[in-house]
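What follows is the residue order along each chain.
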Amino acid sequence: MSFFSKKPKETVSVTYVSHNGAVREVAVPVENTVMEGAVANNIEGIVAECGGSCMCATCHVYVDEAFLGQLEPIAENEEEMLGNTAAPRQANSRLACQLKLTKALNGLRVTTPPNQQ
Ligand code: FES
């Protein structure tokens, strides 16, 4: 490694499951959001119309129950937008743009709903 080379970014594994059962496991840099990981890897089913500003709800996902306790609590603006999702909200519904990845979330699994708009 040369003096000028950058240290590679640490990544975590995130699995995106489509509502029709298609599974994609990708490596996403720590500190990125689940939405950014989806967009960077062309994951179908996450539209992210507002670019992560918590204003569109088109990044709605269902989070695997095993990880729910490790997520940051739902903030007021996310709570408000979760009331505007195209697919029904469930107990494990979150907005992917509000889920920042930490090392503890390695192996995170989310399912995309059948429709986002
Ligand atoms: S990308 Fe718009 S609310 Fe998440």
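Numbering of residues starts from 1 in each chain and follows the order in which that chain's sequence is written. The model is predicted, so local features are restricted to residues of pLDDT at least 70 and side-chain atom pairs to those at 80 or more, both for listing and for counting; the totals for chains, interfaces and linings are taken over all residues.

**A short note on the nonpolar core**
(1) Moving on: Ranked by size, the top nonpolar core spans 23 residues in total, and within it Val-34, Met-35, Ala-38, Ile-46, Cys-59, Ala-96 and Val-110 carry the most contacts.
(2) Moving on: For this core, the elements supplying multiple residues, two or more each, are strand S1 (11–17), helix H1 (34–40), strand S3 (60–63) and strand S5 (108–111).
(3) Moving on: Excluding residues that lie within four positions of it along the chain, Ala-96 makes contacts with Thr-33, Val-34, Met-35, Ala-38, Ile-46, Cys-59, Val-61 and Val-110. For this entry, the nonpolar core is defined as buried Ala, Val, Leu, Ile, Met, Phe, Trp, Tyr and Cys residues connected by C-beta atoms within 7 Å. Whether a residue is buried, exposed or partly exposed is read from the other C-beta atoms within 10 Å of its own C-beta, which are placed from the backbone; 20 or more gives buried, 12 or fewer gives exposed, and intermediate counts give partly exposed. What counts as a helix is a DSSP run of H or I of at least four residues, what counts as a strand is a run of E of at least two, and both are numbered from the N terminus. Residue pairs are scored as contacts if the distance between their C-beta atoms, which are placed from the backbone, is within 7 Å.

**Things to note about unusual backbone geometry**
In terms of backbone geometry, most residues other than glycine have negative phi values and most peptide bonds are trans.
(1) Moving on: Not every positive phi belongs to a glycine, and Glu-31 is a case in point at roughly 85°.
(2) Moving on: For Glu-31, the position within the fold is in the loop between strand S2 (23–29) and H1.

**A closer look at the sheet that holds S2**
(1) Moving on: With mixed pairing, five strands are arranged side by side in an open sheet as S2-S1-S5-S3-S4. Looking along the sheet, the strands with just one partner apiece sit at the ends: S2 and strand S4 (93–95). The mean angle between the axes of side-by-side strands here comes to 40°, regardless of whether they run parallel or antiparallel.
(2) Moving on: Two strands are said to pair when DSSP picks up at least two bridges between them. Where S1 meets S2, seven bridges bridge the pair, whose relative direction is antiparallel. Considered in S2, the bridge of Thr-11 is made with Pro-29. For helices, the fitted axis covers only the stretch in contact; all axes are lines through C-alpha atoms, and the angles between them, taken along N-to-C directions, range from 0 to 180 degrees.

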